[in-house]
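An overview of the molecular structure
One letter stands for each residue in the lines below.
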Amino acid sequence: MSEVKIIPTTDGPLEVDGEVRIVAPDGTVIRETSKAYLCRCGHSKSKPFCDGSHKREGWTEASE
């Protein structure tokens, strides 16, 4: 199995680097990928993925 890294970007999403399967609560596979950006701010319309809403909303790590 390859190594997976989850890196919080500065004032942005979580960067997931490595072969992963992202699964919905009901068990449905949403995406299999080697790189994904996951929402941390809660404003994304594409959850669990980041859509850049953190910039529009002025979200920062300090506001967590």
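What this report covers is the structure whose coordinates are included nearby. In this text, all values refer to a predicted model and were calculated from it rather than measured experimentally.

Scoring rules and cut-offs
- Residue numbers restart at each chain and count upward from 1, following the sequence in its written direction.
- Per-residue local features are limited, in this predicted model, to residues with pLDDT of at least 70; the limit for side-chain atom pairs, both in listing and counting, is 80 or more; totals at the level of whole chains, interfaces and linings are taken over all residues.
- The basis for every side-chain value is the complete set of non-hydrogen atoms in the structure, without hydrogens or water.
- Helix and strand definitions follow DSSP, with helices as H or I runs of at least four residues and strands as E runs of at least two, each counted in order from the N terminus.
- The buried label goes to any residue with under 20% of its type's maximum accessible area, the exposed label to any with over 50%, and the partly exposed label to all in between, with areas taken from a 1.4 Å probe on protein chains only.
- Each polar contact in these results corresponds to two N or O atoms within 3.5 Å; when the atoms are within protein, one needs to be able to donate a hydrogen and the other to accept it, and residues that are neighboring in sequence are counted only if both atoms are side-chain atoms.
- By definition, residues are in contact when any of their heavy atoms lie within 4.5 Å.
- Every case where a carboxyl oxygen of Asp or Glu lies within 4 Å of a side-chain nitrogen of Lys or Arg is listed as a salt bridge.

Let us now look at the side chain of Ser44. For Ser44, the location among the structural elements is in the loop between strand E3 (29–38) and helix H1 (53–57). On the accessibility criterion, Ser44 (6% relative accessible area) is buried. Here the side chain of Ser44 touches Ser46 through a polar contact of 2.9 Å, landing on its backbone nitrogen. Within the structure, Ser44 has its side chain in polar contact with the backbone oxygen of Phe49 (distance 2.6 Å). Non-local contacts of Ser44, meaning those with residues more than four positions away in its chain, are made with Cys39, Phe49, Cys50, Asp51 and Ser53.

Turning our eyes to something else, we now look at the pattern of salt bridges. Tallied over the full model, the rule gives five salt bridges. With a closest N to O distance of 3.9 Å, Asp17 and Lys35 form a salt bridge. Taken as a pair, Asp17 in strand E2 (residues 14–23) and Lys35 in strand E3 lie far apart in primary sequence, 18 residues in all. When its relative accessible area of 30% is taken as the criterion, Asp17 is described as partly exposed. On the basis of relative accessible area, Lys35 is assigned to the partly exposed category, the value being 36%. With its nearest N and O atoms 3.7 Å apart, the salt bridge here joins Arg56 to Glu57. The structure contains a network of salt bridges with shared partners spanning Glu15, Asp17 and Lys35.

No statement about biological role is implied by the geometric values presented.
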